[in-house]
Amino acid sequence: MLGLDELKNTRVYQEGRAEGRQEGRQEAKTEMIITLFQEGFPISQIAKVTQLSIAEVQTILNRSSF
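Note that residues are indexed from 1 along each chain, following the sequence as it is written. Restriction of local features to residues with pLDDT of at least 70 applies here, the model being predicted, together with a cutoff of 80 or more for giving and counting side-chain atom pairs; totals for whole chains, interfaces and linings are based on all residues. Only heavy atoms go into the side-chain values, all of them from the structure, while hydrogens and water stay out.

Q: Where do I start with the nonpolar core in this structure?
A: Note on soluble globular proteins: their nonpolar side chains tend to be buried together. By size, the foremost hydrophobic cluster in this structure holds eight residues: Ile33, Ile34, Leu36, Ile46, Ala47, Val57, Ile60 and Leu61. Going through the elements one at a time, α2 (11-38), α3 (43-50) and α4 (54-63) are the ones with two or more residues in this core. Every residue pair with non-hydrogen atoms within 4.5 Å of one another is taken to be in contact. If we skip the residues at most four places from it in the chain, Ile33 touches Ile46, Thr50, Leu52, Val57, Ile60 and Leu61. By convention a nonpolar core is built from buried Ala, Val, Leu, Ile, Met, Phe, Trp, Tyr and Cys residues, the set being connected through side-chain atoms within 4.5 Å. Burial classes follow relative accessibility: with a 1.4 Å probe on protein chains only, a residue under 20% of its type's maximum area counts as buried, one over 50% as exposed, and anything between as partly exposed. Numbering of helices and strands runs from the N terminus; a helix is a DSSP stretch of H or I covering at least four residues, while a strand is a stretch of E covering at least two.

Q: I tried to follow a negative patch on the surface on my own but got confused; where do I start?
A: To count toward a patch, a residue needs a relative accessible area over 30% and no salt bridge; like charges are then connected within 9 Å, while nonpolar side chains (Val, Leu, Ile, Met, Phe, Trp, Tyr) are connected within 5 Å. In this description, accessible areas are obtained by the Shrake-Rupley approach with a 1.4 Å probe, and a residue is regarded as covered only by the protein chains that are shown. A carboxyl oxygen of Asp or Glu within 4 Å of a side-chain nitrogen of Lys or Arg is what we treat as a salt bridge. For the purpose of counting charges, residues Lys and Arg are taken to be positive, whereas Asp and Glu are taken to be negative. His and the chain ends are not included. By convention, the point assigned to a charge is CZ for Arg, NZ for Lys, CD for Glu and CG for Asp. A cluster of acidic residues, Glu19, Glu23, Glu27 and Glu31, forms a negative patch at the surface. If you trace the backbone, Glu23 turns up in helix α2. The partly exposed category is assigned to Glu23, whose relative accessible area is 48%.

Q: Hey, could you run me through the pattern of salt bridges in this one?
A: One pass over the structure, following the stated rule, counts one salt bridge. Between Arg11 and Glu15 there is a salt bridge; the shortest N-O distance is 3.3 Å. Here Arg11 pairs with Glu15, and both are found in helix α2, just four residues apart, close to one helical turn. The class of Arg11 is exposed, set by a relative accessible area of 59%. The class for Glu15 is partly exposed, based on a relative accessible area of 42%.

Q: What exactly am I supposed to notice about the environment of Ser64 here?
A: In this structure, Ser64 sits in the segment after α4. Taking the C-alpha atoms as reference points, Ser64 and Gly3, separated by 61 residues in sequence, lie 41 Å from one another. Excluding its chain neighbours within four sequence positions, the residues that come into contact with Ser64 are Thr30 and Ile34. At a separation of 2.7 Å, a polar atom in the side chain of Ser64 contacts the main-chain carbonyl oxygen of Ile60. The definition of a polar contact used here is a pair of N or O atoms within 3.5 Å, where within protein one atom must be able to donate a hydrogen and the other to accept one, and adjacent residues in sequence count solely through side-chain atom pairs.

Q: Is there a simple way to think about the side chain of Thr30 in this case?
A: Along the chain, Thr30 turns up in helix α2. Among all residues touching Thr30, those that are not within four sequence positions of it are Ile60 and Ser64.

Written out as C-alpha cells, the structure reads:
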C-alpha cells in the first residue's frame, strides 16, 4: 500500500493535481468575465484583460446563466 508521500510522487496524482489547478483557474476567469460584463466593461476590454479572444469571451458569456 502506498503512503501519502509515495502517492504524491505518482504520475496520476501529479496529473490530477495539475488538472484541478487548471479547472480552478478557468472557473475564476469565467467568474471574472461575467463580473466585468455585468459592470459594463466592453467585451473587447474583457478579452484584453483575460488574454482571451473576443470569440472566446462571447462563448463563455453565452454559456453562462447569469
